[in-house]
Amino acid sequence: MVRISKEQARDYFVQYHFLDKRLPKTQIDRVFARLQTIQFDPLNIISRNADLVLKARVRNYRPSDLEKWLYQDRYLVDGWDKMLNIYRASDRPRMAPVSHRCARGLEARGRELLEEEFEPRVDMVRQRLLAGEKLKNSSLTKEFGVLHPGQYSSYQILDYLFHLGEAEIAKKEKGQKVYQLSTSPERLTADEAFFDWYTLRRVKATGLIRAGSSEAWLGYWIYYTDWRNPAIKRLLDQGLITQVAIDGIKGHFVVPTEALPQLEQVKPTRDMVRFLAPLDNFMWDRKLIEQLFDFYYRWEVYVPKAKRRWGYYVLPILHKSRLIGRIEPVRRADNKLEVLNIWWEEGVGHPGATFEEELESFRTFLSI
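This text gives an overview of the structure that appears in the document. Residue numbering note: each chain is counted from 1, following its sequence as written. With the structure being a predicted model, the display of local features is reserved for residues of pLDDT at least 70 and the display and counting of side-chain atom pairs for 80 or more, all residues being used for whole-chain, interface and lining totals. As a convention, hydrogens and water are excluded, and side-chain values are obtained from all of the structure's heavy atoms.

## A word on the packing of helix H7 (residues 137–144) against helix H8 (residues 157–164)
Point 1. Here, axes are lines fitted to C-alpha atoms. For helices the fit covers the stretch in contact, and angles between N-to-C directions go from 0 to 180 degrees. Numbering goes from the N terminus for both helices and strands, where a helix is a DSSP run of H or I of at least four residues and a strand is a run of E of at least two. Two elements in contact, H7 and H8, have axes separated by 8 Å at closest approach and are oriented at 130 degrees. Comparing their axes, H8 and H7 come out oblique. On the side of H7, the interface is formed by Asn137, Leu140 and Phe144, while H8 contributes Ile157, Leu158 and Asp159.
Point 2. Three classes are used, and their members are as follows: Ala, Val, Leu, Ile, Met, Phe, Trp, Tyr, Cys and Pro are nonpolar, Asp, Glu, Lys and Arg are charged, and the others, Gly among them, are polar. Looking at side-chain class alone, the contact of H7 with H8 contains four nonpolar, one polar and one charged residues. We call two directions roughly parallel when the angle between them is under 35 degrees, roughly antiparallel when it is over 145, roughly perpendicular when it lies between 65 and 115, and oblique otherwise. Any two residues having at least one pair of non-hydrogen atoms within 4.5 Å are treated as being in contact.

## A short note on the side chain of Asp81
Point 1. Structurally, Asp81 is set in the loop between strand S3 (76–80) and strand S4 (84–88).
Point 2. Only protein chains enter the accessibility calculation, which uses a 1.4 Å probe. A residue is then buried if its area is under 20% of the maximum for its type, exposed if over 50%, and partly exposed in between. Given the relative accessible area of 0%, Asp81 is considered buried.
Point 3. Whenever two N or O atoms come within 3.5 Å, that pair is a polar contact, provided that in protein one can donate a hydrogen and the other can accept it, and provided that, for residues adjacent in sequence, both atoms are side-chain atoms. Of the polar contacts made by the side chain of Asp81, one reaches the side chain of Arg201; its length is 3.1 Å.
Point 4. Polar contacts involving the side chain of Asp81 include one to the side chain of Arg202, which spans 3.3 Å.

## Quick notes on the pattern of salt bridges
Point 1. When a carboxyl oxygen of Asp or Glu is within 4 Å of a side-chain nitrogen of Lys or Arg, the pair counts as a salt bridge. Evaluated as defined, the whole model comprises 29 salt bridges.
Point 2. Of the charged contacts, one joins Lys55 and Glu358 as a salt bridge, the two residues approaching to 3.8 Å between their closest N and O atoms. Remark: Glu358 occurs in helix H13 (residues 353–367) and Lys55 occurs in helix H3 (residues 49–55); sequence separation between them is 303 residues. Taken individually, Lys55 and Glu358 each receive the classification buried, so the pair is uniform in this respect.
Point 3. A salt bridge links Lys68 to Asp73; its shortest N-O distance comes to 2.7 Å.

## Observations concerning helix H1 (residues 6–16)
Point 1. For H1, the tally of buried residues reaches eight of 11 residues, placing the bulk of the element in the interior.
Point 2. Within H1, burial applies to Ala9, Arg10, Asp11, Tyr12, Phe13, Val14, Gln15 and Tyr16.
Point 3. Immediately downstream of H1, the backbone of Phe18 shows phi near 55 degrees, a positive value.

## Description of the environment of Glu166
Point 1. Mapped onto the elements of the fold, Glu166 is located in the loop between H8 and strand S7 (167–173).
Point 2. Residue Glu166 is classed as partly exposed on the basis of its relative accessible area of 27%.
Point 3. With sequence-adjacent residues up to four places away left out, Glu166 is seen in contact with Arg126, Leu161, Gln180, Leu181 and Ser182.

See below:
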């Protein structure tokens, strides 16, 4: 077991996540090779979560870059992982057990809602995809019309076929997904090899993860210790992950063994500021963030306004290897940046020019 200080852990964690320096777009595969998967929450207040995650790591990133990587280059795909996520298209065949687990839940809901109409409707949509049509859920809902008196059938068959691997997203039109027949082969084997791969994938996605209970383990199978603990043991035995203890924090953590040189040789993080997405991989384990950075953060989107401590869509402010405050930025109708509020942590000084540089980068980001 490797024992490290809090300061060492903080610097490693920031630098592992590429938050100390932005990479050029040509190195996007370095980002996904390390983070593996990014949550794709569609809420768009300042920008979508995935856009904010990539903006923090990729130089001159624009939301149009993500659309290109997803729907033109086919380098990335939408899929189910921790939640609704984005990951490399090359991973989709191996992710089939996760997708099919999600599809089974959608099937149960579909049979409950559509009853005897479920299979005929699914088969009709399937045949239209096979014939080369591109389809939207909203259009199908209108076509199917009323299922019961006064009630539209809003069940999204295309999502079900997507998670089965039979459909893929061709493009987006005004935020709506347009589906076509899938061209990606699927691999369905959910055996020990898959469980080990999937567990290691989550360790890599975080860089430092509590071996015990943690929000960072959310997802099918992986959240439950009866499944996760044997996989962790096998990965430790194989030398693919390494146990780490952090001074002053109870419990043990694991890191990818390939990241050990970076952990053991880490240097102080340079002077920089980043505004972090609420669902950034860096923030997945909020208990760890609180213990390691002495920073309490909760995403208050679902908290009633009267009970919010800060604001609706608030981003943590990272300076060097410290979380120093919170910022609530919004995009106005004219695509200008407006900062509704900033809350600094007690005893923290204004980070100066680097903070203003990050604000300016957001102004540019929104104006294009």
